[in-house]
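# Secondary and tertiary structure notes
So you can see what is in the structure, the chains are spelled out below.
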Amino acid sequence: MNPRFAAMPTTVFERMSARARAAGAINLGQGFPDANGPPDVVAAAARALTDRSNQYPPMAGLPELRQAIADHYHRHQGLALDAEREIIVTSGATEALAASLFALLSPGDEVVLFQPLYDAYLPLVAQAGGVPKLVRLAPPDFRITAAALDAAFSPRTRLVVLNTPLNPAATLATPGELALLADRIVAVDALAISDEVWEHVLFDGRSHATLMAAPGMRERTVKIGSGGKIFSLTGWKVGWMCAAPPLATALARAHQFLTFTTPPNLQAAVAYGLGKDDAYFQAMRADFAAARDRLSAGLAAGGWAVLPSAATYFLSVDLRASGISLPDTMFCDRLVDEHGVAAIPVSAFYAEDPVTHLVRFCFAKAPATLDAAIERMATAHRDLAG
Ligand code: PMP
């Protein structure tokens, strides 16, 4: 076996979900909604399955989906993308990450990444032969500073991997932070992969700032999106990469030998969904915001110190500020086994110098599920707070 993968544990999300199933716990660990997604988008997929071709679609994606992505980003983010030359459909954002890292990195290239980091990043960078340079973002604000960037960047920096909105911190990079980052990227003539899968799951009237629109970044950015996240259909695995033509050509080379294509009926349905009106996106955000508020208020009433959540399906609890001295991993083990609630220790998102006093909860669940979890969490607080 390749020692890199042989030595790797199963992801924390899979492990916690398995433990939740074994313990019959409420699973607020892995980030997926318990609703079945917008019925009209699901119906569009079902219709395409029976009425249209189920053979290999074009390698870069169905033309109607590529056009829908271009139109969608023009309408929502003011970007002008050429559907034919600048958009490639992938099997989820995960494949887009793999394709772009494999296409753009050569062995020995330095890659700047931000902790907390999504679990796929480092294994993929390693497999591509990249040398990670980590910037540590710290709670409660997780802000990017000039000093931290200066410590991580070097003349050998080839690539930066950014995630905004940021999972698990539930924060957004501000236009000022993006400009700061863009400045450093341009200065060393590097490229960026911007993982923006959470771009639509924003609350309280916030709007998404894409790295691609930062000064000098239009030609240097691979913008990654996910239909699974936009439509709360996480199992669909329809993602995409947007990049200027010279980059897109390289990305397509890697993509063709990873998955080559993505199920055509799901592509057609996502194309339909991206054209939905603003009311859909507003209602989706309002529903998730209501769930966030329900869980946040319920946990606070049970004695838990809850961090704000500006985006994503997640909020974090601060164990220290809640009177708990256990480290996050030990706390999560006891919480699932003794109190029947599964959550994710935030230390799992750090490769070095981890934050160990935060625990991530997914609030994209039905009100009754959240209420049951809130009740168990109140008991857990009485039991575990010292
Ligand atoms: N990046 C981030 C930051 C994510 O949170 C996720 C999903 N949790 C992904 C990528 C993967 O997206 P997909 O399911 O489309 O592969």
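Residues numbered from 1 in each chain as written. Predicted model: local features only at pLDDT ≥ 70, side-chain atom pairs only at ≥ 80, totals over all residues. Heavy atoms only, no water.

## What to know about the side chain of Ser-154
This is how it is decided: Numbering of helices and strands runs from the N terminus, with a helix taken as a DSSP run of H or I at least four residues long and a strand as a DSSP run of E at least two residues long. Each residue's exposure class comes from its accessible area (1.4 Å probe, protein chains only) as a fraction of the maximum for that residue type: buried when under 20%, exposed when over 50%, partly exposed otherwise. Whenever two N or O atoms come within 3.5 Å, that pair is a polar contact, provided that in protein one can donate a hydrogen and the other can accept it, and provided that, for residues adjacent in sequence, both atoms are side-chain atoms. When checking whether two residues touch, look at their non-hydrogen atoms; a contact exists if any pair is within 4.5 Å.
As for its position among the elements, Ser-154 is in the loop between helix H8 (146–152) and strand E5 (157–163). Given the relative accessible area of 12%, Ser-154 is considered buried. At 2.9 Å, the side chain of Ser-154 forms a polar contact with the side chain of Glu-110. Residues in contact with Ser-154, not counting those within four places in the same chain, are Glu-110 and Val-188.

## A word on the nonpolar core
Convention followed: By convention a nonpolar core is built from buried Ala, Val, Leu, Ile, Met, Phe, Trp, Tyr and Cys residues, the set being connected through side-chain atoms within 4.5 Å. For every domain, the bounds stem from an assignment made automatically or drawn from a database.
Ranked by size, the top nonpolar core spans 136 residues in total, and within it Phe-331 and Phe-361 carry the most contacts. Composition of this core by domain shows at least three residues from each of domain 1 (3–30 + 279–384) and domain 2 (39–276). Residues contacting Phe-361, with those up to four places away along its chain left out, are Leu-28, Leu-295, Tyr-313, Phe-314, Leu-315, Val-317, Leu-335, Val-341, Ala-343 and Met-377.

## Quick notes on the domain arrangement of the protein
Which entries qualify depends on this criterion: Take the accessible area each of two parts loses on contact, using a 1.4 Å probe, and add the two losses: that sum is the buried area. The term salt bridge refers to a side-chain nitrogen of Lys or Arg lying within 4 Å of a carboxyl oxygen of Asp or Glu.
Annotation of the protein at the domain level lists domain 1 (3–30 + 279–384) and domain 2 (39–276). Contacts between domain 1 and domain 2 engage 33 residues on the former and 39 residues on the latter. Both sides of the domain 1 and domain 2 interface together cover about 3,100 Å² of buried area, and 63% of this is carbon and sulfur. Counting the contacts that link domain 1 with domain 2 gives 2 salt bridges.

## Some words on helix H2 (residues 12–23)
Let me state the cut-off plainly: Take the residue count of a helix, subtract one, and multiply by 1.5 Å to get its expected span. By construction, the arc corresponds to the directions joining the helix axis to the C-beta atoms.
Taking 1.5 Å of rise per residue, the 12 residues of H2 would be expected to cover 16 Å, and the 16 Å separating its terminal C-alpha atoms lies within 8% of that figure. Looking only at H2, the buried set comprises Val-12, Phe-13, Met-16, Ser-17 and Ala-20. For H2, the angular spread of the buried residues around the axis is 130°, confining them to a single face. Facing away from the buried side of H2 by over 90 degrees, the exposed positions are Arg-21 and Ala-22. Here the buried face of H2 lies against strand E1 (26–27), helix H14 (328–339), strand E11 (341–342), strand E12 (344–345) and strand E13 (358–362).

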